[in-house]
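Secondary and tertiary structure notes
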Amino acid sequence: MVAGVEQVLPLDFCVTLVRGAGPDEVIGILGGADPVPIVSAQTALLAEDAVRERVDEHGVPHPSDLMYVVATRLGDWTMVIEPNGYLCTDRDVVRALSAAGELVSFYYNENTTPSFTWAAGGRELVYFNPGYPDEPYGAEPGRLDGLLTELGFTFGGYGDDPDEDDDDFDADFQERTFALMERMTGVRWDAEHLHAATFRCAGVGGPGSQVAAEPWYAEVREALEAYVADPGDWTGEDFEGWGRRGVTDRRVRALGSAGPAVYDEDRAMAMAIAFAPAELIGRIFMWAWERPFRAAGLVDEPWFGRVRDLVHRGEPVPAQDVQVVEQALDPYLATTVFLPFRQDRAHRANIARGLVVQWDSVNPAADLCWQFARTGAADGRPMPQLFADLWRDFPELRDVVIPQPQPPPRERDAVRRKREARERDAERWRLEDLRNTWGGRIPADPRLLEPDVQSATLGLVPHDRDLIDRIAEAGPRTQRAMAAWAARYCCTRSGMIAEDWVEAGVTALERGAPPPPWFTDFDAAFARWRDVPVESITHRLSVSFGDHAPPPIDPAVFALQAVVMARDDDPLIAAMATVRDAMHLGDPAATSAAFRAAFDLP
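Let us look at the structure shown here. Keep in mind that what you see is a predicted model, and the values were worked out from it rather than measured.

Moving on, we come to the pairing of strand β6 (residues 77-83). The two faces of the sheet receive side chains in turn, since in a regular strand these alternate between them. Most of β6 sits inside the fold, with seven of its seven residues counted as buried. Across the two faces of β6 the burial is the same, with W77, M79, I81 and P83 and T78, V80 and E82 all buried. Across seven bridges, strand β1 (residues 13-19) lies against β6 in antiparallel orientation. Bridging across to β6, L17 finds its partner in M79. Summarising the sheet, strand β5 (residues 67-74) and β6 pair through five bridges and their orientation is antiparallel. Bridging from a neighbouring strand, L74 pairs with W77 of β6. Between β5 and the antiparallel strand that follows it, β6, lie two residues; G75 among them carries a positive phi value of about 60 degrees.

Once that is clear, we can look at the pattern of salt bridges. Scanning all chains against the criterion turns up 40 salt bridges. Between R283 and E279 there is a salt bridge, with its nearest N and O atoms 2.5 Å apart. With R283 and E279 both in helix α13 (residues 278-295), this residue pair falls four residues apart, about one helical turn. In this structure, R441 engages D469 in a salt bridge whose closest nitrogen and oxygen atoms are separated by 3.0 Å. Of the two residues, R441 is situated in the loop between α19 (413-437) and α20 (451-457) and D469 in helix α21 (residues 465-473); the sequence distance between them amounts to 28 residues.

Once that is clear, we can look at the packing of aromatic side chains. Evaluation of the coordinates by the stated rule reveals 22 aromatic pairs. Ring geometry for F106 and F178: centres 5.3 Å apart, planes at 75 degrees, overall edge-to-face. With F106 in strand β7 (residues 102-108) and F178 in helix α6 (residues 173-185), this pair connects stretches of sequence that are 72 residues apart. For the pair formed by F106 and F178, the shared burial category is buried. On the numbers, 6.4 Å between centres and 65 degrees between planes, the contact of F293 with W303 is edge-to-face. Here F293 is found in helix α13, whereas its partner W303 is found in the loop between α13 and α14 (304-313), with 10 residues between them in sequence. Each member of the pair F293 and W303 is classed as buried. Within the aromatic cluster, the residues linked to one another by ring pairs are F13, F106, Y108, F173, F178 and W189. The side chain of R528 reaches across the aromatic face of W518, ending 4.6 Å from its centre. Directly above the aromatic system of W529 lies the positively charged group of R530, at a separation of 4.8 Å from the ring centroid.

Relative to the helices and strands, D249 is located in the loop between α9 (231-235) and α10 (250-253). With 157 residues separating them in the primary sequence, D249 and Q406 have C-alpha atoms 7.0 Å apart. When neighbours within four sequence positions are excluded, D249 is seen to be in contact with F275 and P405.

We now examine unusual backbone geometry. Of note in the backbone geometry, D34 takes a positive phi value of approximately 50 degrees without being a glycine. Along the chain, D34 turns up in the loop between α1 (23-29) and β2 (36-39). A positive phi is found at S40, a non-glycine position, where the angle reads about 90 degrees. By the secondary structure assignment, S40 is in the loop between β2 and α2 (41-45).

Relative to the elements of secondary structure, S105 occurs in strand β7. On the accessibility criterion, S105 (2% relative accessible area) is buried. At 2.8 Å, the side chain of S105 forms a polar contact with the side chain of T16.

The rules behind these values
- Residues numbered from 1 in each chain as written.
- Predicted model: local features only at pLDDT ≥ 70, side-chain atom pairs only at ≥ 80, totals over all residues.
- Heavy atoms only, no water.
- Buried < 20%, exposed > 50% of the residue type's maximum accessible area, 1.4 Å probe, protein only.
- Helix = DSSP H or I, 4+ residues; strand = E, 2+ residues; numbered from the N terminus.
- Pairing = 2+ DSSP bridges.
- Salt bridge = Lys/Arg side-chain N within 4 Å of Asp/Glu carboxyl O.
- Phe/Tyr/Trp six-rings, centres within 6.5 Å; stacked < 30°, edge-to-face > 60°.
- Lys NZ or Arg CZ within 6 Å of the ring centre and 35° of its normal.
- Contact = heavy atoms within 4.5 Å.
- Polar contact = N/O pair within 3.5 Å; in protein donor to acceptor, adjacent residues only side chain to side chain.

See below:
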């Protein structure tokens, strides 16, 4: 296959080479006009959505019914790429594009039959399925047989029944077909060339189409121009959430998907990194990378310098050295990894491996933000401590000049309408999701939508949606009493209230007294119940997929958790979490009725 082409082309594509017509002329023949230049095939191909839909002046979206093509010059030929398209397989299109010269075209779609076409002077010479080239069609169907054999195409695949699977199917037909195109045209191209090429891009309606004369066609071009100016802004794919943080500066947004965590923790640090010189970024990167190794006392090990130099140069670390790092760091990670995963040997190995394997580079500042995340996972110290140490060790960060952000460019009308339509759709879906999540009724109390409160509350939705509102309406003092009632209910239903130490914990809760030592947290309560040292408690997280029923939870665990959760700093969370647990330990309807009666709720 053409080197690296799988990294550039979409899964489904049509690649066509045309001799005798330049890129703009090809687009004109295909029913388009005034193409927009876009550098790099990857960027150009992702602009497809810009032409597929238009939004009118009333904000109503309409399909444009346009097909999207990108075209670039390759020597004497013009390359045309259609992402998820097939226009150049149409017989009329083949005749029109080859009328003044020649055409070779390869169409592939995972769900349909692939095809190869060769035409010249408006005549289709050869057409065949490159996976099974036994039955070519066209004016001269056997013209390529010798070349196909030379390139290793598989013949005799179908046998007597084309509906039967055949072991002779050529799994490498894509590679052979691109080689065939290269041999026929003399044009060599690879991923590097496509990355650097400038493509002429347009929406087209097909030969003879007058769509380019439509008034809205200019807006399609405008949308393409907006995409070129900022692909991320045009698509609205702000996965990192910079928009809701009010960040518009592109260099700050270039901190990537790990950048918001830095920005939220230390905004001044994020701004300094965004505008720091590359040399400083490089030194900070290695400082952050070495941090867990220094904490583990490994910097003087004989292998460390070798591994550090490879990472510094951006070169792969050999597998045997990766294994050395995993083994050397493991005892340290067993004391620092996030508690629920601390006993998971594979998880610790992944964290160690993440420090030394090569990752795809985004840009130096974004790579540094990701290194902070990996360091934090291994280091065990809180992120504020890492940043405090960073300010101390690199005082020059305070001297980084932060320019005033540039005002955003004027938003084109077509782009504004598309953005507003996306925002309306997003808001509609958000509200629909909330309604589904909350049993058909979105809470009026905004506190219930806060992540921590919502997490404690949603378990009540299937059992008594109205009760959630009644608990939220109660004041903090009543919510504390509700949590204490639910804690005693759980301990009674589970039988744990018969234990003197549990009764003491619940009584202290009801009196507003400090908890006994064994109820300061869940680990302490669990250790007392199992009569083991609290230091011996381990945590393990399991995830299952599909329709597997969750493993049963011992009622005593619900009871202990309720007593601990009843003391949460937020009385609303305390009430919701404990009442939710109470629902698990009895008939939900009976539990709800008893709770409502206890607090005179309708």
